[in-house]
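Coordinate inspection notes
Spelled out from the first residue to the last, the chains are:
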Amino acid sequence: MVMAAFAVALAAAAAAGSSSPAPLPEILLSRQLAEQASVRPGETVTIAAAANGAGAKQFRVAGIYEPTPDPMRFTSRRIEARLHLPDLLAMTATPEDPSSIEAVKAINVKLVDPKEAEAFDAALTARVPGTFSRLTARAQDGSDPFAVLERFHLAVAIVTVIGSTAFLLALMVMRAEERREIIGIVRLIGVSQRFVLLVVLAEGLLIAAAGAGFGVLVAKAAEGSVNRFFQWRYDTTLVFVRVTARIALQSIALAVPLGILAGVVGSWTLLRRDIVSLVRR
Amino acid sequence: MSAWSLAWRTVVHNPARACLAIGGVAVIGALLFNMLLLSRGLLVSFRDLLDTAGYDVRVLANEGSPIHRAPLAGAPSLAGEIERLPSVRRVALIRSDDALALPPGRDADAASVTLIGSTERQLGGAWDIVKGSTLPAEVHPGEPVPLVVSTKLAARQRLEPGSPLRIRVNLAGGASVLPSVDCRVVGIGSFTFESAYDYTVATTMAGFAAAHGAPDGKDEADLVLVASAPDAGPEAAAKAIAALRPDVRVYSNAQVVDQFNARAFSYFRQISVVLSTITLAFAFLLVATLLTMSVNQRLGEVAALRALGFPRRRIAANLLCESALLVGVGGVAALPLGGVLAIVLDRILRAMPGVPERLHFFVFEMDTVVLHAALLTATGILAALYPIWLAARLPIAATLRKEIVS
Amino acid sequence: MSAAAPIVEGRDLTRVFPMPAGDVTALGHVSIRIEPGEHVAITGPSGCGKSTLLHLLGCVDQATGGTLLFEGREVGALSESDRSRIRLTRIGFVFQRFFLLPMLTAWENIELPQAEAGASKSERRARTRELLEYVGLTERMDHRPSQLSGGEMQRVAIARALANRPPLLLADEPTGELDEATGEQIADLFDRVHADGTAIVVVTHNPVVAARAQRRLAMKSGSVVSG
């Protein structure tokens, strides 16, 4: 089936009660079009390929479909319909050009073995010059717009991590200073530096793990909000943000060592100071 | 000692903590600055690009969008009609097609190009000649078609002014056996609208027709560019053209920008709003946490000051000044950092296919600096509210007692 | 006892602290008068309500019952900013843990309350210099608290308390963190302050400090039992 992207003159007729001599051909309307035209399944609509309505034909609305979200076109409102190809060709063919009844804009091909895509592409170009084929696999030469967006978001994430690391270190330094006296007292009573460091590490691990886990939960909640916002804004079912298990694990794998390191670095000067200066007010 | 001096002394008393906090604010502030730049950068840059060409009205066939269009029939007579309008200063016809550029004897270096044909020799600022000269006013029959090639194509195919080049046009929608035509590079230029992955070649209208095996419908044009008369302006010119020829679509540059703003750019605007909001929330959370921890560490001091007679508002003023110092110094440092980050992020985003290389996603505007300052100020104030409430509300006697016992 | 009005007078003061395990009456029906220029020591075992009474007299805390008059004004009827003003200009507070601002020098710690009270720069300079000489710390004026000994810090705290020439000085265990010899030095300083006409109320466990007072109030279980 070919999605019709031509000018549509649409008029909803009365519901199925009207009798017509031959059954009308069927058509599917996108949800957005159905909402805009207030059309329901079973109703009759009139479609024309020309803006002035010439050559209009009636169709019965067989159903409403949700257009497959297209990331390249998500800002466009999906006002579209699907017809059987012969019906569409019959409407769009020009009488002066006999070959127009067989002309299509694109052919989608699903291969038995997707790995043969490039070989198929080369063979097609050689056998049918003048055609242009595009593989659906993402380009690896960096020209894929989503690869560009991915790099952009990665850069933003790196900057965010740097900023939050600075803050984290500041907080850890403050925490360590808060416990200066306690560290001094335990050192005074004979606890070794090594043991204190282990305690700091263990504490850092607990806090970092809890924080990272909480962060993943916050991200998951944010995922819902962001998706709902953009889906509402662009009237699409496209998923814009997805916190996958891999992303969650990557975040935790980054956050936990950072948190532990920040705790150790924050406490480092205290661990190195002499006991007397720790307990002195 | 004023609240500012006391706040300053408090902040510098812990230099490591202060540097880290200010550093954190600077980095987050830089990110915020970039997101604010992104919200309008593309729009501003696109508008500048359109204006660079020196034409401020576009005329297209009724079918199509401002960028993807069907050809205009009867273009020369249309151009003549438009040029006679008092609100119009200058008109240029543009045609474009996909082609293959073949350096003689080096077929392996062939490159797909966009071939542009124009009635104007220079087409305003659409390209800047870097080497050689622009298109000649006249081309004599039998002479090679004159071309201005982009610097990228010249580098790839090692072309210089005077180099020979063959151009073979690819006709869309069917098999083509058009032969290649002999051309000569007269100039190498930097094309305003060329993207990172494209090559552009400009020629005269006659040259364009020759490449198509002239005549091939010379009276067609893909686009008519119009420069309005200075005393009329683009809106008046657009209105006059639309009245003259209701069968065509007329857009002023401002209208083109508005259309793109509503469609193509809206994603970046939305993402900049989302990321700005998240960044601000982040900054708020972090500054508030820092200040709250700082106050908790100094409860005894605060209680003592209250016991000595310092009123609540003075304590609040001290904390507000501390917040302002951290956020203020960090915010100022965020600007140059943000500038560097903008260059990096811009470079990443401009690698997107189809984006003209001269289009920028991040464009500096003074308004953005002001907005950035206002947002950070508001964040600093809000972040200080809870620690101020803590300090102002603490029970003096109980706190003093607790400090002594602890 | 002088015929002048008392600086601070508490009538039937009660202070109850609500606790999860049940209310605690820290002070029960205590009446007290402090006359101008008087030197009073309040003694008693830990938890008897000495500090609570001091906090009430210093307008730092508010009584649950009874009336507190400061220079004839009923403190309970005053706003928080009025009470702050009294604490700033009419009362000096000395704490057991000094509570000096660590980021300020000795000079700046003493100058701070004067600036808050609105004194001019020249007035502040003169008064701060005078106080540093008074407590014998002129040569340490640019040192921060971390660079001072306990006794030196307490002397700076006393100087700070006297900055705005209050008629009343309240001290809560001023020698609690100091050794005996240093405690004696502080007691000597209080004698000088008293001799200059400032009323002093000191809560203390230190018998040397208590012995210097004109009047001793002994407290037990929230009540004054003698004095």
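Further remarks concern the confidence of the model for chain A. Residue-level pLDDT values for chain A average 81, and 88% of them are 70 or greater. In this model residues 1-18 of chain A is a low-confidence stretch, pLDDT under 50, and it forms 40 contacts with partners more than four residues away in sequence or in other chains.

What follows covers the sheet that holds strand β9 (residues 215-220) of chain C. Residues and elements named next belong to chain C. The mixed open sheet is built from six strands, whose spatial order is β6-β7-β8-β3-β9-β10. The open sheet is flanked by β6 (91-94) and β10 (223-226), the only strands paired with a single partner. Strand after strand, the sheet turns through a mean of 25° between neighbouring axes, direction not considered. With four bridges connecting them, strand β3 (residues 39-43) and β9 associate as parallel partners. Residue pairing across strands places I42 opposite L217, the latter belonging to β9. Relative to the sheet, helix α6 (residues 180-195) contacts β3, β7 (168-172) and β8 (199-203), its axis offset from that of β8 by approximately 150°.

On to the domain arrangement of chain A. When cut into domains, chain A gives domain 1 (2-106), domain 2 (107-137) and domain 3 (145-279). Relative to domain 3 of chain A, the C-alpha centre of domain 2 of chain A lies at a distance of 48 Å.

This brings us to the nonpolar core. A:A170, B:L147, B:I167, B:V201, B:V224, B:V226 and C:L169 are the most contacted members of the largest nonpolar core, which has 206 residues in total. In terms of residue count, helix α2 (residues 15-52) of chain B provides more of this core than any other element does, 19 residues in total. Among all residues touching C:L169, those that are not within four sequence positions of it are C:G92, C:V94, C:A161, C:L162, C:V193, C:T198, C:A199 and C:I200. The next biggest cluster of nonpolar side chains, apart from the first, holds 13 residues, and it includes A:I47, A:V61, A:A81 and A:L83.

Right, let's get into the interface of chain B and chain C. How large an interface is tends to be reported as the accessible area lost when its parts come together. Every contact between the two is made by 20 residues of chain B and, on the other side, 27 residues of chain C. Sorting elements by how many residues they give to the side of chain B that touches chain C places helix α12 (residues 396-405) of chain B first, with six residues. Considering only residue class, the side of chain B that touches chain C consists of 10 nonpolar, four polar and six charged.

Our focus in this paragraph is the packing of α2(B) against helix α8 (residues 266-297) of chain B. All names here are of chain B. Their axes nearest at 8 Å, the elements α2 and α8 cross at an angle of 160°. One finds that α2 runs roughly antiparallel with respect to α8. For the pair α2 and α8, the sense of crossing is left-handed. Looking at the contact of α2 with α8 residue by residue, the classes come out as 18 nonpolar, five polar and one charged.

This paragraph deals with the environment of C:P113. Mapped onto the elements of the fold, C:P113 is located in helix α3 (residues 106-117). Separated by 111 residues in sequence, C:P113 and C:V224 place their C-alpha atoms 33 Å apart.

A word on the interface of chain A and chain B. Each partner contributes residues to the interface: chain A has 27 residues there, and chain B has 34 residues. Of all the secondary structure elements, the ones that give two or more residues to the side of chain A that touches chain B are α4 (145-178) and α6 (193-234) of chain A.

All names here are of chain B. Within the fold, E83 resides in helix α3 (residues 75-83). For the pair formed by E83 and A227, sequence separation is 144 residues and the distance between their alpha carbons is 9.4 Å. Setting aside residues up to four positions removed in sequence, E83 forms contacts with V88 and V91.

All right, on to the environment of A:R187 then. Residue and element names in this part refer to chain A. Within the fold, R187 resides in helix α5 (residues 180-188). For R187, a count of 21 C-beta atoms within 10 Å gives the class buried. Taking the C-alpha atoms as reference points, R187 and V276, separated by 89 residues in sequence, lie 9.6 Å from one another. Those residues in contact with R187 that lie beyond four places of it in its chain are V196, I275 and L278.

A few words on the packing of helix α1 (residues 3-13) of chain B against helix α10 (residues 312-349) of chain B. Residue and element names in this part refer to chain B. The interhelical angle for the contact between α1 and α10, taken along N-to-C directions, is 60°, at an axis separation of 8 Å. Viewed along their axes, α1 and α10 adopt a mutual orientation that is oblique. When the axes of α1 and α10 are compared, the crossing they make is right-handed. Contacts between α1 and α10 involve A3, W4, L6, A7, W8, T10 and V11 on the former and, on the latter, R314, A317, N318, C321, E322, L325 and L326. Split into classes, the residues belonging to the contact of α1 with α10 amount to 10 nonpolar, two polar and two charged.

Residues and elements named next belong to chain C. Spatially, β2-β1-β4-β5 is the arrangement adopted by the four strands of the open sheet, whose pairing is antiparallel. Strand pairing shows two members of the sheet lacking a second neighbour, β2 (24-34) and β5 (73-74), which therefore form its edges. Both strand β4 (residues 65-70) and β5 contribute to a ladder of two bridges, which runs antiparallel. The residue of β5 that forms the bridge with F70 is R73. Here helix α1 (residues 50-57) sits on the sheet in contact with β1 (8-17), β2 and β4, set at roughly 125° to β1.

The next subject is the domain arrangement of chain B. All names here are of chain B. Under the domain assignment used here, chain B contains domain 1 (3-50 + 264-405) and domain 2 (63-246). For domain 1 and domain 2, the distance between their C-alpha centroids amounts to 50 Å. At the interface, nine residues of domain 1 touch six residues of domain 2. Its residues assigned to classes, the side of domain 1 that touches domain 2 comprises five nonpolar, one polar and three charged.

Right, let's get into the confidence of the model for chain B. Taken residue by residue, chain B gives an average pLDDT of 87. The fraction at 70 or more is 94%. The complex model carries a pTM of 0.80, and its ipTM stands at 0.86.

Let's shift gears to the pairing of strand β3 (residues 26-30) of chain A. All names here are of chain A. Two strands pair when backbone bridges link them, and β3 and strand β5 (residues 57-65) are joined in this way by five bridges, in the parallel orientation. Counted as the bridge partner of L28 is G63 from β5. As judged from the three bridges shared by β3 and strand β6 (residues 81-83), these two strands associate in the antiparallel manner. When the bridges of β6 are listed, I27 appears paired with L83.

About the cut-offs
Residues numbered from 1 in each chain as written. Chains lettered and ligands numbered in written order. Predicted model: local features only at pLDDT ≥ 70, side-chain atom pairs only at ≥ 80, totals over all residues. pLDDT = per-residue confidence, 0-100. Contact = placed C-beta atoms within 7 Å. Pairing = 2+ DSSP bridges. Helix = DSSP H or I, 4+ residues; strand = E, 2+ residues; numbered from the N terminus. Axes fitted to C-alpha atoms, helices over the stretch in contact; angles between N-to-C directions. Domains from an automatic or database assignment. Core = buried A, V, L, I, M, F, W, Y, C linked by C-beta atoms within 7 Å. Buried ≥ 20, exposed ≤ 12 C-beta atoms within 10 Å, placed from the backbone. Nonpolar A, V, L, I, M, F, W, Y, C, P; charged D, E, K, R; others polar. Parallel < 35°, antiparallel > 145°, perpendicular 65-115°, else oblique. Left-handed = near helix turned anticlockwise from the far one by under 90°.

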